[in-house]
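Each chain, letter by letter, is given below.
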Amino acid sequence: MKRYLWTLDREDQQTRSGLSTENELIAILPCVMPSDWLVATMQMDIEGSGLAIHESAYDPKMPWKLQIKPAV
């Protein structure tokens, strides 16, 4: 089962991070983004590094950034 290292940074909140499977991430992070966005983020690859980053400024008062990388 594939596991992912992840970090979630949100304005005015403590940074969260962990090592989780896709299903665990979907259960942990529903307050951040819909599950289909999360799965799409996991499939992205920034410059072949294996790192996916999704940033949202949808609500300028509460920006956030999620970084996900497959664990080796």
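Residues numbered from 1 in each chain as written. Predicted model: local features only at pLDDT ≥ 70, side-chain atom pairs only at ≥ 80, totals over all residues. Heavy atoms only, no water.

(A) Local environment of the overall build of the protein chain. Along its length, the protein chain carries two helices and four strands. Secondary structure elements in the protein chain, listed N-terminal to C-terminal, are β-β-α-α-β-β. A total accessible area of about 4900 Å² is found for the protein chain, and carbon and sulfur atoms account for 52% of it. (Helix = DSSP H or I, 4+ residues; strand = E, 2+ residues; numbered from the N terminus. Areas by Shrake-Rupley, 256 points an atom, 1.4 Å probe, with all protein chains shown as cover.)

(B) Quick look at the sheet that holds strand S2 (residues 16-21). Taken in spatial order, the four strands of this open sheet run S2-S1-S4-S3, and their pairing is antiparallel. The open sheet is flanked by S2 and strand S3 (52-56), the only strands paired with a single partner. Direction aside, neighbouring strands of the sheet carry axes that sit 15 degrees apart on average. Bridging between strand S1 (residues 3-10) and S2 involves six bridges; their strand directions are antiparallel. In the strand pairing of S2, Leu5 is matched with Leu19. (Pairing = 2+ DSSP bridges. Axes fitted to C-alpha atoms, helices over the stretch in contact; angles between N-to-C directions.)

(C) Here's a closer look at the environment of Tyr4. Counting through the fold element by element, Tyr4 comes out in strand S1. Since its relative accessible area comes to 7%, Tyr4 is described here as buried. C-alpha separation for the pair Tyr4 and Thr21, spaced 17 residues apart in sequence, amounts to 6.0 Å. (Buried < 20%, exposed > 50% of the residue type's maximum accessible area, 1.4 Å probe, protein only.)

(D) Geometry of the environment of Ile68. Summarising the element assignment, Ile68 is placed in strand S4 (residues 64-70). Sequence separation between Ile68 and Thr7 is 61 residues, and the spatial gap between their C-alpha atoms is 6.7 Å.

(E) Local environment of the environment of Leu29. Note on placement: Leu29 falls in the loop between helix H1 (22-28) and helix H2 (35-43). Along the chain, Leu29 and Leu66 lie 37 residues apart, while their C-alpha atoms are 9.9 Å from each other.

(F) Looking closely at unusual backbone geometry. The backbone phi angle of Asp12 is positive, close to 60 degrees, even though this residue is not glycine. Following the sequence through the fold, Asp12 ends up in the loop between S1 and S2. Residue classification places Asp12 among the exposed positions, given a relative accessible area of 76%.

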